[in-house]
Amino acid sequence: MWRFGNILLWNLMAAVILLGQARPNMKLNSQSSSGLRSDCVGNLMRLSLDKALAVGNELEVEATNGTQHIVLTPNLAAQCGFSMESDPWGNTRIYSSLMGCYVDNKDDKTFNVGVRLQMYGHSPSDVVTHDVMQTCSYTRWASREILCDRNYMEVSKHMATPDAQAEAKGQAKDVQEINTVPEASGSAHGIWKLTFYTPEPVAMVLREAEQAGYGAMMTSTRLVVRSPYNTAETYSEDVAGVPMEVFKVSAYYKAPHGLSVVNLAAACPTGGVLFTDNVISWHVPRRVTPLVGGSFEILEMHMGINGKRLDGSQMAARGYTLSSTDFHIVIEIPVGSPDGYYKSHAPDYQYHITFIVEPMLEVLWRTTDTQDDTRYKVLFPITTPLMPRPPHVQDDTVPETRVFSVHLGTFIHDVELRNITFSTGVLTVEESRARGFTVQEHSYFNRTKSFSLLVPFDTDVVLKQNPERLVTTYFLSLIFGFIILPEETPFAHPVDLQASLQDVVLPTITGTCDQNLFYISVKYGSQGNHFKAMVGPREMTPEMADDYHFQENGTHLSFILPYAAKDIAFELITSDSLRARVDLLLLDPSNNWVLADLYLACSFPLKTTKCYANGTMTAMAVKVESLTNLIPSMLTLKDQSCKPAISDNRFAYFSFNVDSCGTTRTFFDHYMLYENEIGLYYNDNDNKGVAYTSPVDPDYRQTVSCYYVVNETQTVAFSSKQTRYEPTAEISSGQLMVHMRLAQDSSYNLFYQAEDYPVVKYLRQPLYFEVELMESTDPNLELIVENCWATLHEDRISLPSWDIIVDSCENPDDSFVTLFHPVVSNARVLVPSHIKRFSVNMFTFTKDEEVLKDEIYVHCDAVICDTNSQADGSCRGQCVQPTRQFNSRQQGVKRERRGTDSTHKRQISSGPIFYTSGQTSE
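What counts and how
- Residues numbered from 1 in each chain as written.
- Predicted model: local features only at pLDDT ≥ 70, side-chain atom pairs only at ≥ 80, totals over all residues.
- Heavy atoms only, no water.
- Helix = DSSP H or I, 4+ residues; strand = E, 2+ residues; numbered from the N terminus.
- Buried < 20%, exposed > 50% of the residue type's maximum accessible area, 1.4 Å probe, protein only.
- Contact = heavy atoms within 4.5 Å.
- Areas by Shrake-Rupley, 256 points an atom, 1.4 Å probe, with all protein chains shown as cover.
- Patch = residues over 30% accessible without salt bridge, like charges linked within 9 Å, V, L, I, M, F, W, Y side chains within 5 Å.
- Salt bridge = Lys/Arg side-chain N within 4 Å of Asp/Glu carboxyl O.
- Pairing = 2+ DSSP bridges.
- Axes fitted to C-alpha atoms, helices over the stretch in contact; angles between N-to-C directions.
- Disulfide = S-S within 2.5 Å.
- Phe/Tyr/Trp six-rings, centres within 6.5 Å; stacked < 30°, edge-to-face > 60°.
- Core = buried A, V, L, I, M, F, W, Y, C linked by side-chain atoms within 4.5 Å.
- pLDDT = per-residue confidence, 0-100.

Caption draft 1: Up close: the overall build of the protein. Along the protein, the regular secondary structure elements total eight helices and 69 strands. With 922 residues in all, the protein has 49% of them scored as buried. Taking as baseline every contact in the protein between residues at least 6 positions apart, the subset at least 24 positions apart corresponds to 66%. When the accessible surface of the protein is totalled, it reaches about 44,800 Å², and 49% of it is carbon and sulfur.

Laid out in structure tokens, this is it:
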């Protein structure tokens, strides 16, 4: 692997290291060195800086030279033997070669290294300094010392000539000056020039070499040359399959006895690392051919970490091995060893990790021919390739607890959970907890972590579906959003959870009947009112709910149906009762599964045939469900000219004299029987009297009869006497009374009395009116409600007003039209044609969206006409259930002015009816 492309990590992520950046003059706050540790590791001084000091600060490193402080730029650091290693969290190590610049060197035995650290906070005046001075003793110098650090290669050689050594000692002052100021190279007994071999020779005087980035100096006993990697005068060479960076140089220096030359070479590995999933193997050539020409023997081999040697027990405890083959020295380090650290990455938003460790190899060998020793020391940071680590999802959900539980991990400690995307949107961790979700982070001893999340089934982020009628499947789709610190690199991981429970509690339906009504109650199940209700063939609509007095709360709903409602099925008709049935289905809105059903049949008192002492009979025919194609208006008596007096799509009402319409009479001992038949007949002349039969429906015949008791026969004497005058009928007049009442509901059984007024109603609540011709039993009379209108005031002709019925029909301009209700004969209703029933929704008069007054009055004109008179044009019949319009009428629609002209009619009024805003009816 190539490790020197950006070898000097001076720019940290958590602690930014600034080298050479100009700073304003400011007062420095010197503090204690807590968090700083310095020690000596062979020919290096090591300074460790804890992340607690660096995080959030900008760090500037200066070398101490007596009373001066020189800012170490990256170039100057490589030239002068300084290097730095830092992890992403700010843990930093600074190394200084004991042969480096600005080191106080005492006879190559004692070395004083001074470093100043300056921490710059957010404010320019917020500066903290730490001065570190470390004294190291090192006397185990080999004849040749080669040091391979991250950013430079260094070689030093002992100058063994006694004269040269004595001269060097006599010129201590000059040596100190050379060591202190690299550019002061004009001393009389110093390095004159350097010739580099690439392999072509390139000669430079000392000043030129220093300007090119090289460092060269003489101490009391040694000559030192230092080169950064990848300079123009270095070159790459493959040694035993390991790429190495090499520089060779001849140093010419002045000595008392004349000009001397020393040949120096350094070769440092830039690769040689092999990886498996569990082990890092670092291979260094056993024979470094640029440094060893003939035979040699290895005297010592040592392994270290972070620049410091480890003994055998330490290596064994960590699982490290140091061995040699014919061609290589091999160091093996387990991936995940305690001396390294993991780092998270997210290429293409996928989670990966690397492992980073810094081994050291130190080898001492001796050449056979010269018996010179070489100490070879390499500090070599290693980073493994990216290793994919897709997070493991552990679904710990126990459906019976009704809580989703998921565990996601593991991650390195530099991963932080920032947000979670639910089906309803993105929530931060704090927002998720505020919503009642449990979000936890779990840390482990090996510096890894995982995250867990608990989400109840009953929250809005959980989607539900019913694959079966009694089973609910719950779905939770998540995207966990993470960032990697300190870079704040984002990545995400989706998780889909699913759980099923047989937890559906179905709704239940109960019903009862009285003499006129069905009473239906529904108790909700576990899914509340999430169903559609089918009443007979129709789905319950808001309009139907209004008509049926629909009510609901959080647990129940109820409604009331009259037995004659259009959604009721008629099963059987007898002479005195009608058996009706309500069919109610609750269906799943998605799958149409039957969640609950009720088929409630009741018999309601209904006298279909009535016999009157004046020889009049009335009969009612009812369409039952077995006769699906029957049209009641097509029914007739035996005499097909006798048609229904009143009919609709379910009823036909006949009224006739016992001596008409083909009625037969039979005498018995004490009574006589009048009998007729209601049936469906052909209208052609060839088949008169033959009942019509449908291929679908059964024959329809309904026999109607009246019994009259004959007590005895009496003989009455009769005589006539001539009178002067012929008997004549006197013409007289009387008053026919018409009465309008407001019913309490659609059954028209209970009515508001005078003491109940004013009546209070909600907006759009139905008002049920009944207009009746009083004190008359004449079946030839019919009551027609010709016009009805509403006003704000009691005065019939006051304005504004709004038409409810116009020319005996609903107002076509009204979006909520008036509904006419059929009237059938019963104990109270003797002649249905004498009664008209209609309903209208409660409304108000508004102007500019403001309610003018919270009461209305309703007025009607009624016409009484003779059904046998063809000349009576006003008796053309009442509109019966006109086509319903479904336009919505907004609250307070402005009512238009109506005309006040009218003919002579019966005039009736009702009111006042108050509007209350306590609730609205949809």
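Caption draft 2: Spatial organisation of a nonpolar patch on the surface. A contiguous nonpolar patch, built from F668, Y671, Y707 and V709 and spanning about 420 Å² of accessible area, is present on the exposed surface. Residue position: Y671 is located in strand β56 (residues 671-679). The exposure class of Y671 is partly exposed, given its relative accessible area of 31%.

Caption draft 3: Structural view of the sheet that holds strand β21 (residues 273-275). If you walk across this open sheet you meet the four strands as β21-β22-β26-β25, and the pairing is antiparallel. What marks the edges here is a single partner per strand, and that holds for β21 and β25 (321-324). Strand-to-strand, the axes of this sheet are offset by a mean angle of 20°, without reference to chain direction. Strand direction decides the pairing type here: β25 and strand β26 (residues 328-334), joined by four bridges, are antiparallel. In the strand pairing of β26, T321 is matched with E332.

Caption draft 4: Up close: the state of the cysteines. Per the counting criterion, the structure on display carries six disulfides. The partner cysteine of C40 in its disulfide is C136, sulfur to sulfur 1.9 Å. Sign of the S-S torsion, about -90° for the bond between C40 and C136, identifies this disulfide as left-handed. Note that C40 is positioned in strand β3 (residues 36-41) and C136 in strand β11 (residues 127-137), a separation of 96 residues in sequence. A residue is classified by how much of its surface remains accessible, and C136, at 1% relative accessible area, is buried.

Caption draft 5: Region of interest: the packing of aromatic side chains. Per the counting criterion, the structure on display carries 31 aromatic pairs. Here the aromatic rings of F411 and F491 are separated by 6.3 Å at their centres, their planes lie at 45°, and the arrangement is tilted. Note that F411 is positioned in strand β34 (residues 403-412) and F491 in strand β41 (residues 489-501), a separation of 80 residues in sequence. Here F411 and F491 have matching classes, each one buried. When the centroid spacing of 4.9 Å and the interplanar angle of 15° are considered together, the rings of Y563 and F604 count as stacked.

Caption draft 6: Region of interest: the nonpolar core. The biggest cluster of nonpolar side chains holds 93 residues, and the ones touching the most others in it are Y376, F422, L453, L478 and F480. The element contributing the most residues to this core is strand β19 (residues 242-255), with eight residues. Counting residues in each nonpolar core, the second largest holds 58 residues, with I509, L606, M672 and I678 among its members.

Caption draft 7: Broad picture of the confidence of the model for the protein. Across the protein, the average pLDDT comes to 83, with 83% of residues at or above 70. Below a pLDDT of 50 lies the segment residues 684-697, which in the model reaches 22 contacts outside its immediate sequence neighbourhood of four places, other chains included. When the criterion is pLDDT under 50, residues 712-733 qualifies, and its contacts beyond four places in sequence or with other chains add up to zero contacts.

Caption draft 8: Main features of the environment of S143. As for its placement among the helices and strands, S143 is situated in the loop between β11 and β12 (144-148). For the pair S143 and M159, spaced 16 residues apart in the sequence, the C-alpha separation amounts to 8.4 Å.

Caption draft 9: The arrangement of the sheet that holds strand β7 (residues 82-86) in detail. A sheet is described by the order of its strands in space; here four strands give the open sequence β3-β4-β8-β7, paired in antiparallel fashion. Only two strands of the sheet have a single neighbouring strand rather than two, namely β3 and β7. Strand after strand, the sheet turns through a mean of 20° between neighbouring axes, direction not considered. Direction of pairing for strand β4 (residues 44-49) relative to strand β8 (residues 92-97): antiparallel, over a ladder of six bridges. Along β8, the bridge assignment pairs S48 with R93.

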